[in-house]
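As a plain string of letters, each chain reads:
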Amino acid sequence: MDISSILQGGYQHPLSRSWQSRRQLTKSMFMYPIFITDDPDASVVIPTLPGQRRWGVNKLEGFLGPLVQKGLSSVILFGVPLNCKKDFRGTPADDENGPVIQAIKKLRSLFPSLYIACDVCLCEYTSHGHCGLLHSDGTINTEPSVERIAEVALSYAIAGAHCVAPSDMMDGRIKAIKRKLIDAGFGNKCTLMSYSAKFASGLYGPFRDAAGSAPSFGNRKCYQLPPTAKGLARRAIQQRDTAEGADIIMVKPALPYLDIIADAAQLASDHPIACYQVSGEFAMVHAGAAAGVYDLKAMAFETTESMVRAGATLILSYFTPEFLDWLST
Ligand code: PBG
Ligand code: ZN
C-alpha cells in the first residue's frame, strides 16, 4: 500500500480523534431558546417539543437557576402572549407589562452573568399572524413593518437585552434597528443578531404550536427564502445584512442548510456565525431516537458537530440543557 493511503494511524486513539476537528463544541456555543408566556405562574408542557415548556416569569428562577449552575451562558427569549389583544401592528410586542420585557428585567436581576438575547418579531402579536404589517390586500407593507420592528427591538434593548435578533426577514430591518439603537445611545450596548438566511421551512411547526404564531391566512414565502435559493441567501448575508450593520449572522434551519452555513462563514468571515437547530429538527432527532433508529445523544452530537464543522460559532438549540451535562467545558 502507498504511504499516503494509510490514515488510520492518525486517529486510533480517542484523543487523536478529537484533534481531527478544527474546533470543538463548548458550552458557551449554546444559546437556549425559552418560551415565556403571560401567565406568571405557568409551567406548561409543549407536546410537540420534547422536554420544553412555556414558562411564566415567576418560574424562571427555579427553571434556569440549576442550568446557570451547570454553565448555561445564554438564552434567547420568545414571547407567547395568550391573554392579550392582538392587532394589526403587534402592539403587545413591546408592552412594558408583557412577558418578554418582564422576563428580561427579571433575568438581568436574577442572573447577572447570563447573556440575554430576544427574538424580535411581530407574528406572535399580530391579529393576522404575519411577521410584519400588511397592506389592505394582505401583502407585506415593508416600510411601516421595518419601523415597527425597530421600535420593538429598541424597547427590548432599553429593558436590558444584551442582544436583539429580528427573525421577520423584512428587507431593510437591520439598518433600521441599528440606526434606532445608535440614536438612542445603545449602539455600543446591544448586539444585533440577524436571522439573515431564514428559509421558508417545514421545520417550524412545533415552534408555531408553542408560540401560537401560525399565520391566519397564506404563508411566509414572500419574506422567508425559498429552500433552493442559495444565491438569495448569499445576498441576504453579505449584501444586505452584513452591509446594514448586523453583528452576528444566522442561518436557519441548520442541518438541511449546512452549505449555507459554510457560505456564511466565508462571506461574513469576520463575524460570528450562528445557526438555529429549529423546533422541527429537534423533534426529528427525538422522533428517530424514539423509533430506535439511533441513539439520542450520539445524534445530538453528530448534528451539532456538523454545524460547527460547517462554520457555526453559535448554536441555538433546544438540546442546550443536555449539552450542559454532556460537555465538560
Ligand atoms: C418567528 C420565529 C419562528 C421561529 C423563530 N422565530 C417561526 C417562523 O418564522 O415561522 C422558528 C424557531 C423554531 O422552529 O424553533 N418569526
Ligand atoms: Zn415572525
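Starting afresh in each chain, residues are numbered from 1 along the sequence in its written order. Whichever chain is written first becomes A and whichever ligand is written first becomes 1, with later ones labelled in order. It should be noted that, the model being predicted, local features are given only for residues of pLDDT at least 70 and side-chain atom pairs only at 80 or more, the latter also being counted only at that level, while totals for whole chains, interfaces and linings use all residues.

Looking at an unreviewed UniProt entry, one finds the protein named Delta-aminolevulinic acid dehydratase, with Paxillus rubicundulus Ve08.2h10 as its source organism. What UniProt states about the protein under its Subunit (unreviewed entry) heading is, verbatim, "Homooctamer." UniProt positions are given in the numbering used here, feature names are shortened, and annotations may be inferred rather than shown by experiment. According to the UniProt record, the Sequence similarities (unreviewed entry) comment for the protein reads "Belongs to the ALAD family."

A. Summary view of the packing of helix α9 (residues 279-290) against helix α10 (residues 296-310). Here the axes come from fitting lines to C-alpha atoms, over the contacting stretch only for helices, and the angles between their N-to-C directions go from 0 to 180 degrees. Think of it this way: any DSSP run of H or I at least four residues long counts as a helix, any run of E at least two long counts as a strand, and we number them from the N terminus. It is the contact of α9 with α10, at a shortest axis distance of 9 Å, that shows an interaxial angle of 145°. Crossing angle aside, the handedness with which α9 passes α10 is right-handed. Along the contact surface, α9 presents Val285, His286, Gly288 and Ala289, while α10 presents Leu296, Met299, Ala300 and Thr303. Polar here means any residue outside two lists: the nonpolar Ala, Val, Leu, Ile, Met, Phe, Trp, Tyr, Cys and Pro, and the charged Asp, Glu, Lys and Arg; Gly therefore counts as polar. Looking at the contact of α9 with α10 residue by residue, the class counts come to five nonpolar, three polar and no charged. By convention the crossing between two helices is left-handed if the near helix lies anticlockwise of the far one by an angle smaller than a right angle, and right-handed if it lies clockwise. Once C-beta atoms are placed from the backbone, any two residues with those atoms within 7 Å are in contact.

B. Up close: the UniProt feature "binding site: Zn(2+)" (unreviewed entry) in the protein. The sites that UniProt annotates as "binding site: Zn(2+)" (unreviewed entry) are Cys121, Cys123 and Cys131. Topologically, cysteine 123 is positioned in the loop between β5 (115-120) and α4 (142-159). Ignoring sequence-local partners within four residues, the contact set of cysteine 123 consists of Gly129, His130, Cys131 and Ser213. Looking at where cysteine 131 falls in the secondary structure, it is placed in the loop between β5 and α4.

C. Local environment of the pairing of strand β8 (residues 248-252). Here a residue counts as buried when 20 or more other C-beta atoms sit within 10 Å of its C-beta, as exposed when there are 12 or fewer, and as partly exposed otherwise, the C-beta atoms being derived from the backbone. Taken across its five residues, β8 has five buried, putting it largely inside the fold. Taking every second residue as pointing to the same face, both faces of β8 are buried, with Ile248, Met250 and Lys252 on one and Ile249 and Val251 on the other.

D. Structural view of the nonpolar core. In this structure, Leu77, Cys118, Val164 and Ile261 are the most contacted members of the largest nonpolar core, which totals 97 residues. Counting residues per element, this core draws most heavily on α4, which supplies eight residues. The residues touching isoleucine 261, leaving out its near neighbours within four places in the chain, are Val251, Ala254, Ile273, Cys275, Met307, Ala310, Gly311 and Ala312. To define a nonpolar core, we join buried Ala, Val, Leu, Ile, Met, Phe, Trp, Tyr and Cys residues through C-beta atoms within 7 Å and take the resulting set.

E. Spatial organisation of the UniProt feature "binding site: 5-aminolevulinate 2" (unreviewed entry) in the protein. Sequence positions flagged by UniProt for "binding site: 5-aminolevulinate 2" (unreviewed entry) are, in local numbering, Ser279 and Tyr318. Their sequence span is 40 residues, while the largest C-alpha to C-alpha distance among them is just 7.6 Å; these annotated residues converge on one region. Position of serine 279 among the secondary structure elements: in helix α9. With residues near it in sequence (within four places) discarded, serine 279 still touches Leu49, Leu203, Tyr204, Gly205, Pro206, Phe207 and Ala210. In this structure tyrosine 318 comes out as buried when scored by C-beta crowding, with 25 C-beta atoms within 10 Å.

F. Spatial organisation of the packing of α4 against helix α5 (residues 173-183). Taken N-terminus to C-terminus, the directions of α4 and α5 make an angle of 45°; their axes are 9 Å apart at the nearest point. On the basis of their axis angle, the class for α4 and α5 is oblique. Crossing geometry of α4 relative to α5 is assigned as right-handed. Of the residues in α5, those in contact with Val146, Glu147, Ile149, Ala150, Ala153, Leu154 and Ala157 of α4 are Arg173, Ala176, Ile177, Lys180 and Leu181. Residues of the contact of α4 with α5, tallied by class, amount to nine nonpolar, no polar and three charged. For classification purposes, an angle smaller than 35 degrees is called roughly parallel, one larger than 145 roughly antiparallel, one from 65 to 115 roughly perpendicular, and anything else oblique.

G. Focus on the environment of glutamine 238. One can find glutamine 238 in helix α7 (residues 230-244). Look at glutamine 238 and you get partly exposed, because 17 C-beta atoms sit within 10 Å. Considered as a pair, glutamine 238 and isoleucine 249 are eleven residues apart in the sequence and their alpha carbons are 9.3 Å apart. Contact partners of glutamine 238, with chain neighbours within four places excluded, come to Leu267 and Ala268.

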